[in-house]
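Chains, contacts and geometry: an overview
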Amino acid sequence: MKNYHPVDEEPPTEKPPFFKTWKGMYWLVLGNLAFMVVLFYVITKFYE
Amino acid sequence: MRPLDWIVLLGTLGFIVIYGIWKTRGSKDIEGYLKGDNSMKWWTIGLSIMATQASAITFLSTPGQAYEDGMRFVQFYFGLPIAMVIISITVIPIFYRLKVYTAYEFLENRFDLKTRSLAAVLFLIQRGLAAGITIYAPAIILSTMLGWSLTATIMVIGLVVIAYTMSGGTKAVSVTQKQQMAVMMGGMIIAGFMVVRYLPENVSFGEAVAVAGKMGKMNVVDFSWDWKTSWNDRYNFWSGITGGLFLSLSYFGTDQSQVARYLGGKSIAESRLGLLFNGLLKIPMQFIILFIGVMVFVFYQFNQPPVFFNEGTKSKVYATAHADELRSLESKYNDIFEQKQQAVHGLVDALKTEDEAAIAAAQEQVNAYTSAGKQVREEVKGVIQKAVPDAETKDTDYVFISFIMKYLPAGLVGLLLAVILSAAMSSTASELNALASTSVIDIYKRSVQQDGSPIHYVKASKLFTVGWGFIAILFATYASLLDNLIQAVNIIGSIFYGTILGIFLVAFYLKRIKGNAVFYGAILAEAVVLYCYFFTDIAFLWFNVIGCVAVVIFGFILQALIGKKEKELVA
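Residues numbered from 1 in each chain as written. Chains lettered and ligands numbered in written order. Predicted model: local features only at pLDDT ≥ 70, side-chain atom pairs only at ≥ 80, totals over all residues. Heavy atoms only, no water.

Per an unreviewed UniProt entry, chain B goes by Transporter, SSS family and derives from Pontibacter chinhatensis. Word for word, the UniProt comment on chain B under Subcellular location (unreviewed entry) is "Cell membrane". According to the UniProt record, the Sequence similarities (unreviewed entry) comment for chain B is "Belongs to the sodium:solute symporter (SSF) (TC 2.A.21) family." (UniProt positions renumbered as here; feature names shortened; annotations may be inferred.)

This is how it looks when you write it as structure tokens:
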């Protein structure tokens, strides 16, 4: 059976493309979601 | 179907399958067969994740849903990007560190063998049934519309998927999904262009969208909330961002058919990027598919739509004593359309003048004819129910395929059918691959045959792939004998999904709760869900939440009791 490793131990990973840290990448995805929600809201109101 | 359609259809599917088998030939060990030698790049992972989620029914039903209900279904996916970020931060590093083949393997590291086996068995039951439906649902629609034999359609989809999934394992699934995804998106975008091209010459693209808006189809986002009624509204911003988040977390974080896609990544970075790629593109993709459905709706404002889109069911009614009743309603529907068409052209003219009063008057007239048409469609459904009592009266799944068959030129029909069959094969392949890997890694290798050679486990995986494939074909073949089959499978899924998610939530975030507490907590939670199913009227979607929350609560209570007993024993 494999050993149990604590879940909060962050292993070393490569850097993401275009950003210095993964945080930037995550904010890109969340920012894109926010942008789309706003865009869809504008579309909804415009064509109402 | 014309000869050119057959050439395009068979050429496209044949190329994808042969390329997949050739590219992934010769996997000699279990690492290569079930994890693709951890060689997948992020774009392959991302496309594979998207192709797994996009089943044939996505491409058949989603445009039909937009035709009937507008764009608001896109809100269902608002929680998905957040789930992708959470899984990238928490789940992926753990799975990589433990070098697991399946999600359930992690549960033995965190808890114990019995909890791992429980989660694996729950997954096998629900996914085994779902694989049959993934084949059956498009097969019933394609066989009705194309006049193919239902059994032959099921056998063709099933056997082709078994062949390449068994031959190349996880890598074959991902490699073929890359091509399938390209066919799916390319085909859908071409279909979108064709719908817009078929609009009348005096109606511009902008005016077509404006007409859709005036007829209530551009309702993309709804922020409103009413404490009494909004709970029943499946698609609004709030249900999308919360319900969609929970659903995506359980689907992408604990369902092996998705976990296997990113476990095959070259590194943590590649797997994360694959998931985030899905987080970036899933909503725009759904938006495009829904928008094509809206454009089909606009197309049918200028061209006579059938009174009922499922021609197969209509033919059955014509063969009964209710045929005249249906003919009379059809003629009434066509008369309403003739009058409505003038009103729609009036609306377009009013939109050109930008005269608000004229637009409002034309809109009112169009809406009145639309309501009258809807009323006739409801009467038609009543006649169908009387004439063919076991027939499905919901025809939205047939809207898009009916448009394809009737209006698209030779070659494009073949391409669009390749889109639908590619989608059916891509999601079935992921399911068979996940069922085989869970059967081998979590049950066979762990509890039956622990000291086999790598070749032995590859052979076992291939046999399990074939076995699950035939179970899926068998289930799909006899599926028509059951009533409300899709709903039945959704209910079975909801009965187990909540408990599985609960076990994983405890594993990831509640370190105080140990193996025995979560195992017995999960069994009690499952009993609560089953009680709700058999003895209450609670809607089945809530079983996901109830099961998940019950595991956490029972886990806490049992851990407190077990901890107290252990302290007493030590004392």
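Okay, back to it.
Attention now goes to the overall build of chain B. Across its full length, chain B holds 21 helices and 0 strands. Over its C-alpha atoms chain B spans a radius of gyration of 25 Å, differing by no more than 12% from the 25 Å that the globule rule assigns to 571 residues. C-alpha atoms of chain B, sized along the principal axes, occupy 85 × 55 × 50 Å. Burial statistics for chain B: of 571 residues in total, 59% are counted as buried. A fraction of 85% describes how many contacts in chain B between residues 6 or more apart in sequence connect residues 24 or more apart. (Helix = DSSP H or I, 4+ residues; strand = E, 2+ residues; numbered from the N terminus. Rg over C-alpha atoms; globule rule 2.2 N^0.38 Å. Buried < 20%, exposed > 50% of the residue type's maximum accessible area, 1.4 Å probe, protein only. Contact = heavy atoms within 4.5 Å.)

Our focus in this paragraph is the UniProt feature "transmembrane region" (unreviewed entry) in chain A. Residues annotated in UniProt with the feature "transmembrane region" (unreviewed entry) correspond here to residues 24-43 of chain A. Secondary structure within residues 24-43 of chain A divides into 100% helix and 0% strand; the distance between the first and last C-alpha atoms comes to 28 Å.

Before going further, it helps to examine the layout of surface pockets. Residue and element names in this part refer to chain B. By volume, the second largest pocket is sized at about 420 Å³. For the second largest pocket, the lining is made up of 21 residues, of which Phe-297, Tyr-333, Lys-340, Thr-370 and Lys-374 are closest to its centre. Put simply, the parts of the chain that give the lining of the second largest pocket at least two residues each are helix 4 (56-69), helix 12 (268-302), helix 14 (323-353) and helix 15 (356-387). With 9 residues, the single largest contributor to the lining of the second largest pocket is helix 15. A breakdown of the residues in the lining of the second largest pocket according to their chemical character gives 9 nonpolar, 5 polar and 7 charged. (1 Å grid on protein atoms, 1.4 Å probe; cavity = no way out; pocket = protein on both sides within 12 Å on 5 of 7 lines; lining within 4 Å. Points joined across faces, edges and corners; volume = space filled by probe spheres on them. Nonpolar A, V, L, I, M, F, W, Y, C, P; charged D, E, K, R; others polar.)

By size, the foremost hydrophobic cluster in this structure holds 174 residues, and its most contacted members are Phe-40 of chain A together with Phe-95, Phe-106 and Tyr-262 of chain B. In terms of residue count, helix 12 of chain B provides more of this core than any other element does, 21 residues in total. Dropping the residues within four chain positions of it, Phe-40 of chain A is found in contact with Val-74, Phe-78, Val-220, Val-221, Ile-283 and Phe-287 of chain B. (Core = buried A, V, L, I, M, F, W, Y, C linked by side-chain atoms within 4.5 Å.)

Moving on to the interface of chain B and chain A. Quite often, the size of an interface is put as the accessible area lost when its parts meet. Facing the 41 residues of chain B at the interface are 30 residues of chain A. Of the roughly 3,300 Å² buried between chain B and chain A on both sides combined, carbon and sulfur atoms contribute 72%. Put simply, chain B and chain A have 0 salt bridges between them. Our enumeration of links across chain B and chain A arrives at 4 residue pairs in polar contact (both at pLDDT 80 or more). Among the elements of the structure, helix 5 (80-98), helix 6 (105-110), helix 9 (205-214), helix 10 (237-254), helix 12 and helix 19 (485-509) of chain B are those that each provide at least two residues to the side of chain B that touches chain A. (Buried area = accessible area lost by both parts, 1.4 Å probe. Salt bridge = Lys/Arg side-chain N within 4 Å of Asp/Glu carboxyl O. Polar contact = N/O pair within 3.5 Å; in protein donor to acceptor, adjacent residues only side chain to side chain.)

All chains considered together, the criterion is met by 44 aromatic pairs over all chains. Aromatic pair Phe-40 of chain A and Phe-78 of chain B: ring centres 6.4 Å apart, planes at 15 degrees, arrangement stacked. Here Phe-40 of chain A, found in helix 1 (residues 22-46), pairs with Phe-78 of chain B, found in the loop between helix 4 and helix 5, and the two come from separate chains. Note on accessibility: Phe-40 of chain A and Phe-78 of chain B belong to one class, buried. Residues Phe-519 of chain B and Tyr-520 of chain B carry aromatic rings whose centres are separated by 5.1 Å and whose planes lie at 80 degrees to one another, so their mutual orientation is edge-to-face. In this structure Phe-519 of chain B comes out as buried when scored by relative accessible area, which is 13%. Members of the aromatic cluster, joined through ring pairs, are Phe-40 and Tyr-41 of chain A together with Phe-78, Phe-205, Phe-223, Phe-237, Trp-238, Phe-287 and Phe-291 of chain B. (Phe/Tyr/Trp six-rings, centres within 6.5 Å; stacked < 30°, edge-to-face > 60°.)

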